[in-house]
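# Breakdown of the fold
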Amino acid sequence: MPLAVYILGLSVFALGTSEFMLSGLLPPIAEDMNVSIPRAGLLISAFAIGMVVGAPLLAVATLRLPRKTTLVTLITVFGLGQIAGALAPNYAVLFASRIVSALACAGFWAVGAAVAIAMVPVGSRAKAMAVMIGGLSIANVLGVPAGAFLGEHLGWRSAFWAVGAASAIALVGVVTRIPHIPLPETKPRLKRELTIYRDRQVLLAVVITALAAGGVFCAFSYLAPLLTDVSGLDESWVSAVLGLFGIGALVGTTIGGRVADAHLFGVLLSGIAASTVFLVALALLAPSPVATIVLTFLLGVSAFYTAPALNARMFNVAGAAPTLAGATTTAAFNLGNTGGPWLGGTVIDADLGYASTAWAGAAMTALGLATAAVALKLHRSTSRVVASGAPPPAEGTARRSALLRHEGNQMRVATAPPRVARWRRG
């Protein structure tokens, strides 16, 4: 594995820390900026909105630009966004800095993934992506708790300075270790790739991902005030509990990554169902500090246990659009990261208490579970049609090619019946 791939993983560590660290910094930010905690929570949504817009937009806009130059530019803009946040004199400037940072973050993710894959053999692509995603997991284990610790002892601005410093280190690594990556010889046909959005299964995958992620982050975004005001824990416990969520995320990613290929819908349904149960339990048992700590760990497990299957599902149904499949997944996750904190802030503003965020999150994941069941039913119906050799319904070019990859029994096009083969040629 080239050292450059690990440099990209280090960069993702900085990106992920910035994205999630506000979960442990909302109370001091709200107090310093003279805003309510729900309004401070919108800073999390601002970052997610930037990711939603930036992922597909920058994936397309940077297609013909030099890869290394693009990475250098994006990590530089991201670092400057952290400095702007650390120096923000008011809430509006801090809000704007989060959006700018998120746009750069989304672009770096899209381009960095392409660069990582380009630097390794075909047989090592999954491992290269695992290194990048590992940077995000480590951000949840170390970066987010470290940000909460700095916020408690040195003020919330120190956490932004720390991420800015990590970005500078990543910049040096990108400049010195990322090689020149040749541009693709042929430009992707974006008009054709856009047809994936006509496919019901692609749209369902977006909805499932957004609801599964949003439900967990509806509660997680307000975990710090829930721990201190409802569970009665001291502020010094916040960073440790956030770190426990990150450890759960590592455990969940490891387990989910091992079984999702063979049991994709099984992982989706069981993972989202588990998140729903844990969120309901958190809403009921929030006054108990022990229960809250245990459930925080379990939520980390269930949320990240589901993540590999959510990613794989999108690539299965949108495989004909390599440029937009990854960007669509990133956007879908961050739709949830936008809607979840917003919904959590809404129920808090309604004077329902911090524990109500877990009820709201459970409602989102329950809806996501129902959507996943609909997607499974459609998938089985389509698979039966393809297996019988009957022409499947027209759902766009991307869907037609995806139908010939039966995930359940790993059907291969090479063994497809003659009628299916003739339909595919047509």
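Reading the values: the criteria
Residues numbered from 1 in each chain as written. Predicted model: local features only at pLDDT ≥ 70, side-chain atom pairs only at ≥ 80, totals over all residues. Heavy atoms only, no water. Helix = DSSP H or I, 4+ residues; strand = E, 2+ residues; numbered from the N terminus. Buried < 20%, exposed > 50% of the residue type's maximum accessible area, 1.4 Å probe, protein only. Contact = heavy atoms within 4.5 Å. Areas by Shrake-Rupley, 256 points an atom, 1.4 Å probe, with all protein chains shown as cover. 1 Å grid on protein atoms, 1.4 Å probe; cavity = no way out; pocket = protein on both sides within 12 Å on 5 of 7 lines; lining within 4 Å. Points joined across faces, edges and corners; volume = space filled by probe spheres on them. Nonpolar A, V, L, I, M, F, W, Y, C, P; charged D, E, K, R; others polar. Axes fitted to C-alpha atoms, helices over the stretch in contact; angles between N-to-C directions. Parallel < 35°, antiparallel > 145°, perpendicular 65-115°, else oblique. Left-handed = near helix turned anticlockwise from the far one by under 90°. Polar contact = N/O pair within 3.5 Å; in protein donor to acceptor, adjacent residues only side chain to side chain. Patch = residues over 30% accessible without salt bridge, like charges linked within 9 Å, V, L, I, M, F, W, Y side chains within 5 Å. Salt bridge = Lys/Arg side-chain N within 4 Å of Asp/Glu carboxyl O. Core = buried A, V, L, I, M, F, W, Y, C linked by side-chain atoms within 4.5 Å. Phe/Tyr/Trp six-rings, centres within 6.5 Å; stacked < 30°, edge-to-face > 60°. Expected span 1.5 Å × (residues − 1). pLDDT = per-residue confidence, 0-100.

## Quick look at the overall build of the protein chain
The helix and strand tally for the protein chain stands at 17 helices and zero strands. The buried share of the protein chain, taken over its 426 residues, is 55%. Once local pairs closer than 6 in sequence are excluded, the contacts in the protein chain between residues at least 24 apart make up 83%. In the structure as shown, the protein chain presents an accessible area of about 17,500 Å², 67% of it carried by carbon and sulfur atoms.

## Observations regarding the layout of surface pockets
Taken as a whole, the second largest pocket encloses approximately 270 Å³ of empty space. Grouping the constituent residues of the lining of the second largest pocket by class yields eight nonpolar, four polar and four charged.

## Some words on the packing of helix H1 (residues 3-20) against helix H7 (residues 156-177)
Direction vectors running N to C along H1 and H7 enclose 160°, while the axes themselves pass 9 Å from each other. When the axes of H1 and H7 are compared, the pair comes out roughly antiparallel. Crossing geometry of H1 relative to H7 is assigned as left-handed. Contacts between H1 and H7 pair Leu 3, Ala 4, Ile 7, Leu 10, Ser 11, Ala 14, Thr 17 and Ser 18 from the former with Val 163, Ala 166, Ser 167, Ile 169, Ala 170, Gly 173, Val 174 and Arg 177 from the latter. Its residues assigned to classes, the contact of H1 with H7 shows ten nonpolar, five polar and one charged.

## Focus: the side chain of Thr 276
With respect to the secondary-structure elements, Thr 276 resides in helix H12 (residues 264-285). By relative accessible area, which is 15% here, Thr 276 ends up buried. One polar contact links the side chain of Thr 276 to the main-chain carbonyl oxygen of Ile 272, over a distance of 2.9 Å. When neighbours within four sequence positions are excluded, Thr 276 is seen to be in contact with Ala 362, Thr 365 and Ala 366.

## Points about the environment of Pro 182
Assignment of secondary structure puts Pro 182 in the loop between H7 and helix H8 (190-193). Considered as a pair, Pro 182 and Pro 66 are 116 residues apart in the sequence and their alpha carbons are 7.5 Å apart.

## Some words on unusual backbone geometry
Positioned with a positive phi, Asn 34 is a non-glycine residue whose angle comes to about 60°. You can see Asn 34 is positioned in the loop between helix H2 (26-33) and helix H3 (37-61). Residue classification places Asn 34 among the exposed positions, given a relative accessible area of 70%.

## Remarks on empty space enclosed by the protein
Enumeration according to the criterion identifies four cavities of 30 Å³ or more in this entry. There is about 50 Å³ of room inside the second largest cavity. Every residue along the wall of the second largest cavity is listed here: Val 216, Ala 219, Phe 220, Leu 223, Phe 245, Leu 282, Thr 296 and Leu 299. Those elements that place two or more of their residues in the lining of the second largest cavity are helix H9 (200-220) and helix H13 (289-317). If one sorts the elements of the lining of the second largest cavity by residue count, H9 sits on top with three residues. When grouped by side-chain class, the residues that make up the lining of the second largest cavity number seven nonpolar, one polar and no charged.

## A short note on a nonpolar patch on the surface
Together, Leu 80, Ile 83, Leu 87 and Trp 161 give the surface a local cluster of nonpolar side chains, amounting to about 400 Å² of exposed area. Per element, the largest residue contribution to the nonpolar patch is three residues, and it comes from helix H4 (residues 67-87). One can find Leu 87 in helix H4. The class for Leu 87 is exposed, based on a relative accessible area of 55%.

## Concerning the pattern of salt bridges
The full count for this structure, using the stated rule, is one salt bridge. Linking Arg 157 and Asp 32 is a salt bridge whose minimum nitrogen-to-oxygen distance equals 3.3 Å. Here Arg 157 is found in helix H7, whereas its partner Asp 32 is found in helix H2, with 125 residues between them in sequence.

## Some points on the nonpolar core
Within the largest apolar cluster, 90 residues are counted, with the highest numbers of intra-cluster contacts made by Leu 8, Ile 29 and Phe 78. Counting residues per element, this core draws most heavily on helix H5 (residues 91-118), which supplies eleven residues. Setting aside anything within four residues of it in sequence, one finds Phe 78 in contact with Ala 14, Leu 15, Ser 18, Phe 47, Ser 101, Ala 104, Cys 105, Val 163 and Ser 167. Core analysis: the second largest hydrophobic core is formed by 16 residues, Ala 212, Ala 260, Phe 265 and Val 267 among them.

## Remarks on the side chain of Arg 313
Residue position: Arg 313 is located in helix H13. In this structure the side chain of Arg 313 is engaged in a polar contact, spanning 3.2 Å, whose partner is the side chain of Gln 201.

## Focus: the packing of aromatic side chains
If you walk through the whole model with that rule in mind, you get six aromatic pairs. When the centroid spacing of 6.0 Å and the interplanar angle of 40° are considered together, the rings of Tyr 91 and Phe 95 count as tilted. You can see Tyr 91 and its partner Phe 95 sitting in helix H5, four residues apart, about one turn around the helix. The class for Tyr 91 is buried, based on a relative accessible area of 9%. Through a chain of ring-to-ring contacts, three or more aromatic side chains come together here, namely Phe 20, Phe 217, Phe 220, Phe 245 and Phe 304.

## Remarks on H9
Its 21 residues place the ends of H9 30 Å apart at the C-alpha level, agreeing with the 30 Å of an ideal helix rising 1.5 Å per residue. The N-cap of H9, judged by a side-chain oxygen 2.9 Å from the amide nitrogen of Gln 201 a few residues on, is Asp 199.

## With respect to the confidence of the model for the protein chain
Of all residues in the protein chain, 83% attain a pLDDT of 70 or more, and the chain-wide mean is 80. For the protein chain, the element scoring lowest by mean pLDDT is helix H17 (residues 418-425), at 33; H12 scores highest, at 94. Note on residues 392-426: pLDDT is under 50 here. Beyond four places in sequence and across chains, it has 52 contacts.

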